[in-house]
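Remarks on the overall topology
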Amino acid sequence: MIHRTLRACINDLEAAGQLRRVETLAVDPRLELAAIQRRAYKKGGPALLFTNVRGTPFPCLANLFGTRERVRHIFRGALRGVEALLRAKADPVAPLRRPWRYASLPKTLFSMLPRAVKTGPVLARSTRLSVLPGLVSWPLDGGGYVTLPQVYTEHPDKPGFFASNLGMYRVQISGGAFEPDREAGLHYQIHRGIGPHHMAALAAGKDLPVNVFVGGPPALTLAAIMPLPEGVPEICFAGALAGHRIPMITGRGLPMPAEADFCITGYLSGKGGGSGAGGAETKPEGPFGDHLGYYSLAHDFPVLRVTGVFHRPDAVWPFTSVGRPPQEDTVFGEFIHDLTAALVPTVFSGVHEVHAVDAAGVHPLLLAVGSERYVPFAGARMPQELLTCGLSLFGSTQTSLAKYLLIAAREDSPALSARRVPDFLAHVLERTDFRRDLHFVTRTTMDTLDYSGISLNQGSKLLWAAAGRPLRRLAVELPSGFSLPDGFSDARLFAPGIAVCRGPRHTAPRDAHDPVMEALAAHLSRLPGRGTPGSAGAGDSVAAIPGFSDTSGPVSSVAASFTRGAGSSSAPQIALLVVADDADFTCACWDNFLWAAFTRSDPATDLYGAGAEVRCKHWGCDEPLIMDARMKSFHAPALEDDPEVQRRIDGWAAPGGPLHGLVE
């Protein structure tokens, strides 16, 4: 099945029992629609088409990409060809060895060429921004947003499809300081393809034309979030995924998809007049509840001067809502991983697998399996090639946004997988020499949505590499004699070698170490049992620790290892101590632990250690490594649902209600 329009996709899903219409319920785009969508996603239920939305004549489509099975169903008509294309990219000789597996490749390649047309259904009608469904997802959002926008630009010096960028950058269409119906906020972050286009336009003193598409063939939406290298046009990949050449209306300014449901046309002014760098016209955009699980606050972003809003006669407004993972965008990430996993070694030499951990907010934590082959003749393996692999990951594509990058050597355990997070962390903690293996990049660029750093877009990164024989046994209970200083409490073991405790409320200034955390590190340095690396010991069972994946095989032999110890070289150790505001919450499950630990800490500011020292500008410590994962006084607030909205949805979800069986 090839979906040339969103309506065709809706009809297909409805026939397959994967879409339900909600016609009797009048639903509000302020808070209600998004809250329903999030609960529908958690239910794992069908897509929902709301035909009675207050304040707008347009039906709204929720949960379109809500399950992996539905995504594969939507793209089933072209998926084989896309998979063949990506396999051929990973191994260019493969089509010659097994040509029968690549029979669909010529058609896929042809589909990647956009088809120029003079007009199309998207131009049939016009409207205003204020008539569109202004989705407000969370109580503190600054206005209505387009949450599945496809933002299209072309390089001013190289106009045309092949120097274009199609990205999913959020668009605020109401609220704040934006002039109603004439202005919108365009929030694009660092490392995004639109940036070079905007910079070139500003340098030339020209306006940058921008089109924002909504709906259309579902392939356009997915293409807008694909992590393609700069210079590879997403509009071409959309054709491959759609299974047909995307018809693009040309000759009327910037191209637009003929079959899109909506197109907002406009431009970013090249005349300046705002506070943005380089003279860009900006206004405060936000706040907005974002995919790390916190609000991104109001900051200056470019103003989109709106010149028109067009839509097809049967237009449907697709939307999503982001928040603390997992959410619908989690499915995007999983699908993209499935498509591109084979490409990883071709993009990053020596890297076999990467996993941007969704539960940790994606960019805050990246796990990788690499190679360690530089000195195979050496008696003891140590991280060397892994450092090259890690710097490569930090240096290109979306992996450059990673904050914590943990990388381990496949040679130490052929069964090691970055997808099995508990086992991977245990493997790394067993092998880390904390005086050698932690490599910080300070005062560097970081994800715009991450407020743990020293300022907007600025913080630190950690390359944490582990290779060689195990250096310690990981404790499966708190060691005898373990204690905490005043102000810290509720210590408990979360997983082998990982302990969590509650710390006092954070009051330290930004961009500074916290004296209470330094006091904790000093206290742990004085505890008996600290020493120097000893010898490997036998393994212990980890089955008693809730939430730990105790699978068989070398990866899960988490206690086979080494220890420090003044009296006994085989005493199990706490390798990582995480300080949280709420130890019960943090230890409740792996999702909570990963989210709290990695979204609420900046490596350079919030890592401490027993016996820490700086030697020739390299920081190191003994175990335990201490992570300050408390909410800081300068952090953005976490997302919380409106309780009254939730009560209304509970009523609609009750037996006999319009949402019964459709939401969690």
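Everything here concerns the structure above.
Residues numbered from 1 in each chain as written. Predicted model: local features only at pLDDT ≥ 70, side-chain atom pairs only at ≥ 80, totals over all residues. Heavy atoms only, no water.

**Observations regarding the overall build of the protein chain**
To be explicit about the condition: Here a helix means four or more residues in a row that DSSP labels H or I, a strand means two or more in a row labelled E, and each is numbered from the N terminus. A radius of gyration in this sense is built from C-alpha atoms; the matching globule rule multiplies 2.2 Å by the number of residues raised to 0.38. Accessibility here uses a 1.4 Å probe with only protein chains present; expressed as a share of the type maximum, an area under 20% marks a residue as buried, one over 50% as exposed, and anything in between as partly exposed. Note on contacts: a residue pair is in contact if any heavy atoms of the two residues lie within 4.5 Å. Note on areas: these come from Shrake-Rupley sampling with a 1.4 Å probe, and a residue is covered only by the protein chains present in the view. The positive count covers Lys and Arg only, the negative count covers Asp and Glu only, and His and the chain ends enter neither. Lys charges are placed at NZ, Arg charges at CZ, Asp charges at CG and Glu charges at CD.
On a plain count of helices and strands, the protein chain comes out with 18 helices and 31 strands. Computed over its C-alpha atoms, the radius of gyration of the protein chain comes to 26 Å, within 12% of the 26 Å expected for a compact globule of 664 residues. The dimensions of the protein chain, computed from C-alpha atoms along their principal axes, are 80 × 60 × 55 Å. Counting the 664 residues in the protein chain, one finds 58% classified as buried. Counting contacts in the protein chain only where the partners sit at least 6 residues apart, residues at least 24 apart contribute 73% of the total. For the protein chain, the accessible area works out to roughly 25200 Å², and carbon and sulfur atoms hold 54% of it. Looking at the protein chain, you have 65 positive and 64 negative side-chain charges, and the mean spots of the two groups are 5 Å apart.

**Some points on unusual backbone geometry**
Across the junction of Pro325 and Pro326, the peptide omega takes the value 0°, indicating a cis bond. Inspection of the secondary structure assignment puts Pro326 in the loop between strand E19 (317–318) and helix H10 (328–340). Cis geometry is found at the peptide bond from Glu623 to Pro624, where omega equals 5°. Turning to its location among the elements, Pro624 is positioned in strand E31 (residues 618–628).

**Some points on the sheet that holds strand E24 (residues 458–466)**
Applicable threshold: Any two strands are treated as partners once DSSP identifies two or more bridges connecting them. Between N-to-C directions, angles cover 0 to 180 degrees, with each direction set by a line fitted to C-alpha atoms, over the stretch in contact for helices.
The mixed open sheet is built from 5 strands, whose spatial order is E20-E21-E22-E24-E23. Both edges of this open sheet fall to strand E20 (351–356) and strand E23 (438–445), since each of them pairs with a single strand only. Averaged over all adjacent pairs, the angle separating strand axes in this sheet is 15°, with direction ignored. Looking at chain direction, strand E22 (residues 404–409) and E24 are connected through 5 bridges and run parallel. Residue pairing for E24: Ile407 is matched across the bridge by Ala465. The strands that helix H12 (residues 385–395) touches are E20, strand E21 (365–370), E22, E23 and E24; relative to E24, the one it contacts most, it runs at about 150°.

**Describing a nonpolar patch on the surface**
The criterion, for reference: Patches were defined on residues exceeding 30% relative accessible area and lacking a salt bridge, with like-charge contacts within 9 Å and nonpolar side-chain contacts (Val, Leu, Ile, Met, Phe, Trp, Tyr) within 5 Å. Counted as salt bridges are all cases of a side-chain nitrogen of Lys or Arg within 4 Å of a carboxyl oxygen of Asp or Glu.
A grouping of Phe110, Leu113 and Phe162 is seen on the molecular surface, where their side chains present a nonpolar patch of about 320 Å² in accessible area. Here Phe162 is to be found in the loop between strand E7 (150–154) and strand E8 (164–167).

**Digging into helix H16 (residues 590–599)**
With respect to burial, H16 is a largely interior element, 9 of its 10 residues being buried. Within the sequence span of H16, burial applies to Trp590, Asn592, Phe593, Leu594, Trp595, Ala596, Ala597, Phe598 and Thr599.

**Let's talk about the side chain of Asp12**
With respect to the helices and strands, the residue Asp12 is situated in helix H1 (residues 6–15). The class of Asp12 is buried, set by a relative accessible area of 10%.

**Side note on the sheet that holds E19**
Pairing is mixed across the open sheet formed by 4 strands, whose spatial order is E1-E2-E3-E19. Only two strands of the sheet have a single partner each, and these edge strands are strand E1 (19–22) and E19. Sheet topology places E1 next to strand E2 (residues 47–50); 4 bridges connect them, and they run parallel. Across the sheet, residue Arg21 finds its bridge partner in E2, namely Leu49. Contacts from H1 reach E1, E2, strand E3 (60–62) and E19 within the one sheet, and its direction differs from that of E1 by about 105°. Here helix H2 (residues 32–43) sits on the sheet and contacts E2 and E3; the angle it forms with E2, its principal contact strand, is near 160°.

**Section: the packing of aromatic side chains**
Condition: Planes of paired rings set the category: under 30 degrees apart is stacked, over 60 is edge-to-face and the rest tilted, where pairs are Phe, Tyr or Trp rings (Trp by its six-membered ring) whose centres lie within 6.5 Å.
Here the structure, examined in full by the defined rule, presents 15 aromatic pairs. Seen in terms of ring centroids, Tyr404 and Phe598 are 5.0 Å apart; in terms of plane orientation they differ by 80°. Their pairing is edge-to-face. Of the two residues, Tyr404 is situated in strand E22 and Phe598 in helix H16; the sequence distance between them amounts to 194 residues. The residues Tyr404 and Phe598 share a single accessibility class, namely buried.

**Here we look at the environment of Gly142**
With respect to the helices and strands, Gly142 occurs in the loop between strand E5 (125–126) and strand E6 (145–146). Placed 144 residues apart in sequence, Gly142 and Gly286 show a C-alpha to C-alpha distance of 5.0 Å. With residues up to four places along the chain from it excluded, the contact list for Gly142 reads Gln172, Ser174, Gly175, Gly176, Gly286 and Pro287.

**Focus: the packing of H2 against helix H18 (residues 643–653)**
For the record, the criterion: For classification, angles of less than 35 degrees are called roughly parallel, those exceeding 145 degrees roughly antiparallel, those between 65 and 115 degrees roughly perpendicular, and all remaining angles oblique. Take the far helix as your reference; a near helix turned counterclockwise from it by less than a right angle gives a left-handed crossing, and one turned clockwise gives a right-handed crossing. Under the scheme applied, nonpolar residues are Ala, Val, Leu, Ile, Met, Phe, Trp, Tyr, Cys and Pro; charged residues are Asp, Glu, Lys and Arg; polar residues are all the others, including Gly.
As a packed pair, H2 and H18 sit with axes 10 Å apart at the nearest point and diverge in direction by 60°. In terms of orientation, H2 and H18 fall into the oblique class. Relative to H18, H2 is oriented so that their crossing is right-handed. Taking contact as the criterion, the partners of Glu32, Ala35, Ile36 and Arg39 in H2 are, on H18, Val645, Gln646, Arg648, Ile649, Asp650 and Trp652. Here the residues of the contact of H2 with H18 sort into 5 nonpolar, 1 polar and 4 charged.

**Notes on H2**
For clarity, the cut-off: A helix is expected to span 1.5 Å multiplied by its residue count minus one.
Here H2 is 12 residues long and its end C-alpha atoms lie 16 Å apart, about the 16 Å a rise of 1.5 Å per residue gives. Most of H2 sits out of view: 10 of its 12 residues are buried. Within H2, burial applies to Glu32, Leu33, Ala34, Ala35, Ile36, Gln37, Arg38, Arg39, Ala40 and Tyr41. Of the surrounding elements, those touching the buried residues of H2 are E2, E3, H10 and H18. Gly44 sits one or two positions beyond H2 and adopts a positive phi of about 70°.

**Structural notes on the nonpolar core**
Side chains that are nonpolar tend, in soluble globular proteins, to be buried together. Going by this rule: By convention a nonpolar core is built from buried Ala, Val, Leu, Ile, Met, Phe, Trp, Tyr and Cys residues, the set being connected through side-chain atoms within 4.5 Å.
By size, the foremost hydrophobic cluster in this structure holds 59 residues, and its most contacted members are Leu61, Leu64, Phe75 and Ile235. At the level of elements, H1, E2, helix H3 (68–74), helix H4 (79–90), helix H8 (218–223), helix H9 (234–242), strand E12 (247–249) and H10 are the ones that each hand at least two residues to this core. Take this core: its biggest share by element is 7 residues, from H9. If we ignore the near neighbours within four places in the chain, the residues touching Leu61 are Leu6, Ile10, Leu19, Ala47, Leu48, Leu49, Val316, Trp317, Pro318 and Phe319.

**Remarks on the environment of Pro159**
Structurally, the position occupied by Pro159 is in the loop between E7 and E8. Assessed through its relative accessible area of 64%, Pro159 is described here as exposed. On a C-alpha basis, the gap between Pro159 and Leu254 in space is 9.2 Å, while along the polypeptide they are 95 residues apart.

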